[in-house]
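If you want the building blocks of each chain, they are given just below.
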Amino acid sequence: MSSPTAARLTIDLDALARNYAVLCAEAPGAEAAPVVKADGYGLDAGRIARRLWAEGARAFFVARLAEGEALRTALGAERPATIYVLDGFLPGSGPRLVAAGLTPVLSSLPQIEAASAFGRASAAPPQVAIQADTGMNRQGLSLEEAAVVAGSTDRLRGLDLRLIMSHLGSATSPDDPRNELQRGRFEQVRRLFPGVRASFAASAGIMLGPDYRNDIVRPGISLFGGGPEERPDPRLEAVATLEAPILYIRAVAPGEMVGYGASLIARRPMRIAVVAAGYADGLIRASRHGGYAWFGGARRPLVIVNMDLTAIDIGDAPATIGEYVELLGPNVPIDDAAAAAGTVAHECLVRLGGGRAERVYLGEV
Ligand SMILES: *Cc1c(COP(=O)(O)O)cnc(C)c1O
């Protein structure tokens, strides 16, 4: 399995299942449809979705058409999930959407027009969702456009509208008044499409309370342990653990430099452990500014993060070559690593995708 000189990425699908159960319990009465875009936040959308199907998930969201096709293949005929594609209906994508049984999320009038023209020429009306913009100004119909679509008998001809949705821009700040503003606008949109199921909340929105949950919630990052307020949440567990073995242990005298361009000048005698992981394994270089690893039962400051090697100040901790250091995981939450790097947990996880670390999956079905 793993050789003793390589970083190891352990993906604990049992922890994923427990997080899913926590999120379902937070949204009673709503269906929790996991978001597994970007190859399941870098952790393998197929394995993630198969496990979540076993936990009761029956609908999933991806971003790209190709992600939807890959997920349909990974789920197989025995798991006929609804797969929503957030990119919607792009020119020429109709036959591929139908072939893979995907549900596009239509987010502009031209998309609705193109999908409707395709649907009218098809044997059966394809299932679609419609996204409205309620304040984020990224994608989705304006309120005025939504009213035009809802008020016309023609615009949705040839389409089977299954879901109306929108996305919150400030949900990680529960007290931000923009949440309530967006919610009010989404209520208006809902009233335009009576009888159609509605979806508003992603991970952070789920925690905003019952008014935000509607019929379907769309958890992404919290499935993988990311907290709804961009800091660790004790209800959620780490799913990905990145560890790397110590290659070298060295003493650095005061005044000596460490790393390229003297990234760090030792102000006191230091003991540095250099481990076999770097940004090629999915770490973020900037996370050395306040980021930490876990070793010997304590947090240890990151000193440098290079492509293949990361140096950690291990203080007086006893250490031996080959011993593993935790770089992300239960003791190094993705929210903390992300905060140190000036980014969000999502980016921290997605970086692991395509990384070089050897992978181990626990709890696979
Ligand atoms: C990515 C995304 C989600 C999931 O967001 P998380 O913050 O990861 O929970 C939900 N809905 C939409 C439209 C998204 O783009």
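Residues numbered from 1 in each chain as written. Predicted model: local features only at pLDDT ≥ 70, side-chain atom pairs only at ≥ 80, totals over all residues. Heavy atoms only, no water.

Peer 1: Please explain the packing of helix α3 (residues 45-54) against helix α4 (residues 65-75) as it appears in this structure.
Peer 2: Geometrically, a packed helix pair is captured by the angle between its two axes and the distance between the axes. Running from N to C, α3 and α4 cross one another at 50°; their axes reach a closest spacing of 9 Å. Judged by the inter-axis angle, α3 sits oblique to α4. As α3 packs across α4, the resulting crossing turns out to be right-handed. Residues Ala-45, Gly-46, Ala-49 and Arg-50 of α3 pack against Leu-71, Ala-74 and Leu-75 of α4. Here the contact of α3 with α4 is composed, by residue class, of five nonpolar, one polar and one charged. (Axes fitted to C-alpha atoms, helices over the stretch in contact; angles between N-to-C directions. Helix = DSSP H or I, 4+ residues; strand = E, 2+ residues; numbered from the N terminus. Parallel < 35°, antiparallel > 145°, perpendicular 65-115°, else oblique. Left-handed = near helix turned anticlockwise from the far one by under 90°. Contact = heavy atoms within 4.5 Å. Nonpolar A, V, L, I, M, F, W, Y, C, P; charged D, E, K, R; others polar.)

Peer 1: Is there a simple way to think about the sheet that holds strand β4 (residues 82-85) in this case?
Peer 2: Strand pairing within a sheet occurs via backbone hydrogen bonds; the two strands may be parallel or antiparallel. The strand order across the open sheet formed by eight strands is β2-β9-β8-β7-β6-β5-β4-β3, and the pairing between neighbours is parallel. Looking along the sheet, the strands with just one partner apiece sit at the ends: β2 (31-32) and β3 (59-62). In this sheet, strand β8 (residues 197-202) lies alongside strand β7 (residues 160-165) in parallel orientation, the contact comprising three bridges. Bridging from a neighbouring strand, Ile-164 pairs with Ala-198 of β8. (Pairing = 2+ DSSP bridges.)

Peer 1: Mind showing me how you'd approach the environment of Glu-237 here?
Peer 2: Residue placement: Glu-237 occurs in the loop between β9 (216-218) and β10 (240-252). Distance in space between the C-alpha atoms of Glu-237 and Ala-15 is 6.1 Å, their sequence separation being 222 residues. Apart from the residues within four sequence positions on either side, Glu-237 is in contact with Ala-15, Arg-18, Asn-19, Phe-224 and Gly-225. Within the structure, the side chain of Glu-237 is placed 2.7 Å from the side chain of Arg-18, a separation counted as a polar contact. (Polar contact = N/O pair within 3.5 Å; in protein donor to acceptor, adjacent residues only side chain to side chain.)

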